[in-house]
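# Fold and geometry: a report
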Amino acid sequence: MVYINEWLPNPFGSDAENEWVELFNAGVEPADLRGWALVAKDGKKFSLGGKIVGGGEYLLLPRAETKLTLHNEDGSLALYDSAGSLRDEAAFLGSAPEGKSFARSNGQASFRAGELFSWADPTPGAANL
């Protein structure tokens, strides 16, 4: 199962250079993300193409690659599978604190859709603290 693990909508410095999204594969087998897509609040979509994320591994997607704008106010992000089904989503109301990521509260490998997210120190490519 692949989920949104963490995203950084309001980094220190330039948003265009420093924003990112991180996915996590909670399964044991590699996940082929061909046909999967990330969709930001403004409806813009990033196709995950032929990306593969190993079992128990993280996939870091910088804004330079996705071209997705992560909103600093009332942000949202959704992950769709190759059949167009919603696999995971995360959203916040209000302002994103500068330099904090919106991270799944459970930093362990027992990820489930719908788990709570909270503001945290960023941990790109690693388990959330």
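The following paragraphs examine the structure supplied in this document. Predicted model, so just to flag it, every value in this text is computed and none were measured. (Residues numbered from 1 in each chain as written. Predicted model: local features only at pLDDT ≥ 70, side-chain atom pairs only at ≥ 80, totals over all residues. Heavy atoms only, no water.)

The next thing to look at is the nonpolar core. The biggest cluster of nonpolar side chains holds 24 residues, and the ones touching the most others in it are Trp7, Leu23, Leu33 and Leu38. Listed by contribution, the elements that provide at least two residues to this core are strand S1 (2-8), strand S2 (20-25), strand S4 (37-40), strand S7 (58-62) and strand S8 (76-80). Considering every element that reaches this core, the biggest residue donor is S1, with three residues. Apart from the residues within four sequence positions on either side, tryptophan 7 is in contact with Trp20, Val21, Leu70, Gly75, Ser76, Leu77, Ala90, Ala91, Phe92, Ser101, Phe102 and Phe117. (Core = buried A, V, L, I, M, F, W, Y, C linked by side-chain atoms within 4.5 Å. Buried < 20%, exposed > 50% of the residue type's maximum accessible area, 1.4 Å probe, protein only. Helix = DSSP H or I, 4+ residues; strand = E, 2+ residues; numbered from the N terminus. Contact = heavy atoms within 4.5 Å.)

On to the packing of aromatic side chains. Taken as a whole and judged by the stated rule, the model has seven aromatic pairs. Between the aromatic rings of phenylalanine 24 and tyrosine 58, the centroid separation amounts to 4.6 Å while the plane-to-plane angle is 45 degrees, which identifies the pairing as tilted. One end of the pair, phenylalanine 24, is in strand S2; the other, tyrosine 58, is in strand S7, with 34 residues separating them in the sequence. With 5.4 Å between their ring centres and 25 degrees between their planes, phenylalanine 102 and phenylalanine 117 make a pair best called stacked. With a gap of 15 residues between them, phenylalanine 102 in strand S10 (residues 101-104) and phenylalanine 117 in strand S11 (residues 117-120) connect regions that are remote in the sequence. Take phenylalanine 117: its relative accessible area is 15%, and that puts it in the buried class. A connected cluster of aromatic rings, assembled from ring pairs, spans Trp7, Phe92, Phe102, Phe117 and Trp119. (Phe/Tyr/Trp six-rings, centres within 6.5 Å; stacked < 30°, edge-to-face > 60°.)

Across all of its chains, the model carries six salt bridges by this definition. A salt bridge links aspartate 81 to arginine 87; the nearest nitrogen and oxygen atoms lie 3.4 Å apart. On the basis of relative accessible area, aspartate 81 is assigned to the buried category, the value being 13%. Look at arginine 87 and you get partly exposed, because its relative accessible area is 24%. (Salt bridge = Lys/Arg side-chain N within 4 Å of Asp/Glu carboxyl O.)

Successive residues of a regular strand alternate their side chains across the two faces of the sheet. Side chains Ala37 and Val39 project from S4 onto one buried face, and the interleaved Leu38 and Ala40 project onto a second face that is buried too. Direction of pairing for S4 relative to strand S5 (residues 45-47): antiparallel, over a ladder of three bridges. Pairing of valine 39 across the sheet is with lysine 45, part of S5. The turn linking S4 back onto S5 is made up of four residues, and glycine 43 within it adopts a positive phi angle of 90 degrees. (Pairing = 2+ DSSP bridges.)

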